Amino acid sequence: MSNNKLLNVMFISMLTFFLLGVSVEPACAQNKLVIQADLGRETIDKNIYGHFSEHLGRCIYEGYWVGEDSPIPNTRGIRNDVVKALKKIKVPVLRWPGGCFADEYHWKDGIGPREERPSMINTHWGGVTENNHFGTHEFLDLCEQIGCEPFITGNVGSGTVQELSEWVEYVNFDGVSPMANLRRKNGREEPWRVKYWGVGNENWGCGGQMRPEYYADLYRRFQTYVRSYPGARPFKVACGPYGEDTEWMEELMKSAEAEGVQMDGIDLHYYSWSGKNSKSATRFEEIDWFHLLRDAARLNEILKKQSNIMDKYDPEKRVALIVGEWGAWHEVEQGTKPGFLYQQNSLRDALVASVSLNIMNQHCDRVRMGNIAQTVNVLQAMILTDGPKMILTPSYHVFDLFKVHQDATLLPITLECEDYRFDKEEMPGLNVSASRDKSGKIHISICNLNPNEEAELSCEIRGARTGKISAQILTAPEITSHNTFDDPEVVKPSNFSEYRKTENGFKTTLPAKSIVVLEIEGFDRIDVDDYEARVYTSSKGDTIPYRLFVPRSYDRDKKYPLVLFHHGAGGSGNDNKRQFEGPLPRKWAGPERQAKNPCFIILPQIPRNRSRDRENRFPQTEVMCKHIQTIHEILDNLEEEFSIDTNREYVTGFSMGGECTWMSINEQPERFAAAVPICAGDKFIGMEPSEMGQKFAHFPLWIFHGDADEVISVDVSRRLVKALRHAGGAPKYTEYPGVDHGSWELAYRERELIEWLFAQSREP
Ligand code: AHR
């Protein structure tokens, strides 16, 4: 490595590699990224992409709330344009009503007829009059309109235990009680069943200037009365530290596991300050760019430190770390009220957002929520409004580009990159995270922090074959570029094509000061040769070729479950290969899945008839029954040969194989612990749905079908499910809207399915 290059390796990735025992050789390429596509373990909680909105400046009033009589198009007083924009970026959760405002907010002032609600002074934020027109009902309506979870922060600083307790009762209780009755009187019959409840905000500061011991005791007291009501178990969030304040964290964690205390999350706050000399969000120079981004990147160290403390008390990582307020904080825009914290938003802020999100992704084992401050018209906003006008900020576009990481599996990476140097200081020039979504696509978000130089990056993807690549970029001509009401599209994403596929990944050139998000169709590197080819001839002379996967870590002294997979009609033949096509559960032989659920997998191949006539190419009922019996004989033999857990044999298949799945459990219901028929037909089975309903009512089943299936109508599965239910069964049934005959692609990737399946056992 040359002198001006430094090895910048992302620590979490290294930790993951260490834990998983994977070593990565040092490389000498300039910027090198290695992604372990098959080793992801942690899920990036979609709530990391959450937001925070306070009664501050023009966030609530004007930003969301314009009132029912406003000429600005609204639904029950809430702006339609803002809701539409927030839906697009899939806001998962919204924190409210503060902030510092939370600890002087009395929720009962914000319910009932609006004209009767008392006004108050918003002392923290500009001393303006708060007329309480936007209260509990309006906030929860907003969340319903956006389609996100509400996160309500209660008043500990100047409120009472009773007040918070009654708020929870008002919002969450379904029965007859003073607060539930009051809610009904105010027009809401059903409780909202709000999950996330914060117990105070920044109680070390604006929320009461408390010492950690004092707050920890208050938390214990207040949380006791944040009651659980039927169907509404609260997720209780304690006020956390600011940044690196480890003393606060230590004290809180001592209480986290105490008898009778429920602490599900700790709300840490951290802001990145404007730079060195910044005059505003848009009037700054490179020195400010450098300092602000370095401040944002410090979040990594902070999360590392605080997670270490949490690990000491809670090694199981039960308590979530929530970054309940984060973002860039600049001087207010000239000519605006200082107490309103209104700031513009430039490309620099987009980099702050993307660096912070990448870092939170990397810490998703502990960080399970983040709430950027503050959605509309305040601090690092997604949206700015001016009367009826609305613009999207560069930060909004980052949330739009990064939404692909929501609920995806974080992939371990190692990154070696050049430094971005300014003056005599430096920081890593690139910042990255990668994930794999439920459909198997890999997303890589990369920031080039250097505002002057492009970066060549070579990326190796291990554990997956690189399929089709597409990418988007967010950049702009200047570091200060931003969107205005007159020119709203200066900074916006566009397609990016400066990459080329290599044998095991890709190479790209990242423009200076840019954010690039790549989407890669990855295929697991599991192929036919990972399965042993065998042929079985039955006592009756029926020959079936099959493939067998033996768990990689097979140990004769242990017992392993077995999955029998029946292919679709296209897999028929005798080449002992064709049954292997498509993204099937054969992938359950992949290292990632096998690490969690080691199992035998068997893929028999149903022979084809020799007929030239397409209709007759596939065997009919009688022949099919014979094949199924032969396949079951194969299982008998495997049970002799290997250490198989006979209480945990499962059968699944799609299309024709879905029907074979039914036939398997019809032939040998006592053998299988569960069955998963996917878009199954009803051609060979020779049974009426009612008969099947009676027979399988109490058999563990998960049935899948696409409702737009034109090959095998969804009605086949619907009829069966109806019959099963009629016979007293409760089969699991997933119907994918708008999905044609390929529903297995989605079904076999359902994490929940895999967990459910391997949990089934015939053991009493
Ligand atoms: O987001 C603005 C303020 O910053 C919040 O009200 C407070 O919690 C934090 O200090």
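These numbers were taken from a predicted model, which means no experiment stands behind them.

Under the counting rule described, the total for this entry stands at 40 salt bridges. The shortest N-O distance in the salt bridge between Glu213 and Arg211 comes to 3.4 Å. Under the relative-accessibility criterion, Glu213 is labelled partly exposed at 33%. Each of the salt bridges in this network shares a partner with another, and the network as a whole consists of Asp311, Asp314, Lys317, Asp365 and Arg366.

Bringing the site of the ligand into the picture now. Within the structure, the ligand sits among 13 residues, and Glu54, Cys100, Glu202, Tyr271 and Glu325 are positioned closest to it. One of the backbone N or O atoms of Cys100 is found 2.8 Å from an oxygen atom in the ligand. The separation between an oxygen atom of the ligand and a polar side-chain atom of Glu325 is 2.7 Å. Surface burial for the ligand is 93%, taken as the share of its 280 Å² of free accessible area covered by protein chains. Of the residues that constitute the shell around the ligand, the class distribution is 7 nonpolar, 3 polar and 3 charged.

Attention now moves to the sheet that holds strand S22 (residues 455-462). Overall, mixed pairing links the 5 strands, which are arranged S17-S1-S22-S26-S25 in an open sheet. At either margin of the open sheet sits one strand with a lone partner, and together these are strand S17 (413-416) and strand S25 (499-502). Geometrically, the sheet is characterised by an average inter-axis angle of 15° between neighbouring strands, direction not taken into account. Alignment of S25 against strand S26 (residues 505-510), held across 4 bridges, turns out to be antiparallel.

With that settled, the discussion passes to the nonpolar core. In this structure, Tyr64, Trp167, Trp197, Tyr215, Leu357, Met360 and Phe399 are the most contacted members of the largest nonpolar core, which totals 120 residues. Ranked by the residues each element gives to this core, the list is headed by helix H10 (residues 347-362), at 9 residues. Here Tyr215 is in contact with Val199, Asn203, Met210, Ala238, Cys239, Trp248 and Leu252, once residues within four sequence places are set aside. In this structure, Tyr546, Ile644, Ala680 and Ile685 belong to the second largest nonpolar core, which totals 38 residues.

In summary, the side chains of a regular strand alternate between the two faces of the sheet. Among the 10 residues in strand S12 (residues 320-329), 9 count as buried, and that is most of the element. The sheet contact formed by strand S11 (residues 265-273) and S12 spans 9 bridges and is parallel. Counted as the bridge partner of Tyr270 is Trp326 from S12. Alignment of S12 against strand S13 (residues 367-373), held across 4 bridges, turns out to be parallel.

This paragraph deals with the sheet that holds S11. Spatially, S2-S5-S8-S9-S10-S11-S12-S13 is the arrangement adopted by the 8 strands of the closed barrel, whose pairing is parallel. Each adjacent strand pair in this sheet contributes to an overall mean axis angle of 30°, direction not counted. In terms of strand pairing, strand S10 (residues 235-242) meets S11 through 4 bridges, oriented parallel. Residue Ala238 lies in a different strand from S11, and its bridge partner there is Ile266. The strands that helix H4 (residues 161-172) touches are strand S5 (93-96), strand S8 (149-154) and strand S9 (196-199); relative to S9, the one it contacts most, it runs at about 170°.

Looking now at the state of the cysteines. Across all of its chains, the model carries 1 disulfide by this definition. Each sulfur of the disulfide joining Cys100 and Cys206 lies 2.2 Å from the other. Between Cys100 and Cys206 the disulfide shows an S-S torsion of about -90°. By sign, it is left-handed. Of this pair, Cys100 sits in the loop between S5 and strand S6 (120-122) while Cys206 is found in the loop between S9 and helix H6 (212-224), placing the two residues 106 residues apart along the sequence. Free of any disulfide, Cys59 has its nearest cysteine sulfur in Cys143, 12 Å distant.

Negative charge collects at one region of the surface, where Glu453, Glu454, Glu456 and Glu498 lie side by side. Along the polypeptide, Glu453 turns up in the loop between strand S21 (441-448) and S22. In this structure Glu453 comes out as exposed when scored by relative accessible area, which is 52%.

With 13 residues, H6 should cover 18 Å at 1.5 Å per step; its first-to-last C-alpha distance of 18 Å lies within 8% of that length. Along H6, the residues that are buried comprise Pro212, Tyr215, Ala216, Leu218, Tyr219, Phe222 and Gln223. One side of H6 holds all its buried residues, which, seen down the axis, span an arc of 165°. Along its buried surface, H6 packs onto H4, S9, S10 and helix H7 (246-256).

About the cut-offs
Residues numbered from 1 in each chain as written. Predicted model: local features only at pLDDT ≥ 70, side-chain atom pairs only at ≥ 80, totals over all residues. Heavy atoms only, no water. Salt bridge = Lys/Arg side-chain N within 4 Å of Asp/Glu carboxyl O. Buried < 20%, exposed > 50% of the residue type's maximum accessible area, 1.4 Å probe, protein only. Near = heavy atom within 4 Å. Polar contact = N/O pair within 3.5 Å; in protein donor to acceptor, adjacent residues only side chain to side chain. Areas by Shrake-Rupley, 256 points an atom, 1.4 Å probe, with all protein chains shown as cover. Nonpolar A, V, L, I, M, F, W, Y, C, P; charged D, E, K, R; others polar. Pairing = 2+ DSSP bridges. Helix = DSSP H or I, 4+ residues; strand = E, 2+ residues; numbered from the N terminus. Axes fitted to C-alpha atoms, helices over the stretch in contact; angles between N-to-C directions. Core = buried A, V, L, I, M, F, W, Y, C linked by side-chain atoms within 4.5 Å. Contact = heavy atoms within 4.5 Å. Disulfide = S-S within 2.5 Å. Patch = residues over 30% accessible without salt bridge, like charges linked within 9 Å, V, L, I, M, F, W, Y side chains within 5 Å. Lys, Arg positive; Asp, Glu negative; His and termini not counted. Charge placed at Lys NZ, Arg CZ, Asp CG, Glu CD. Expected span 1.5 Å × (residues − 1). Arc of directions from axis to C-beta.

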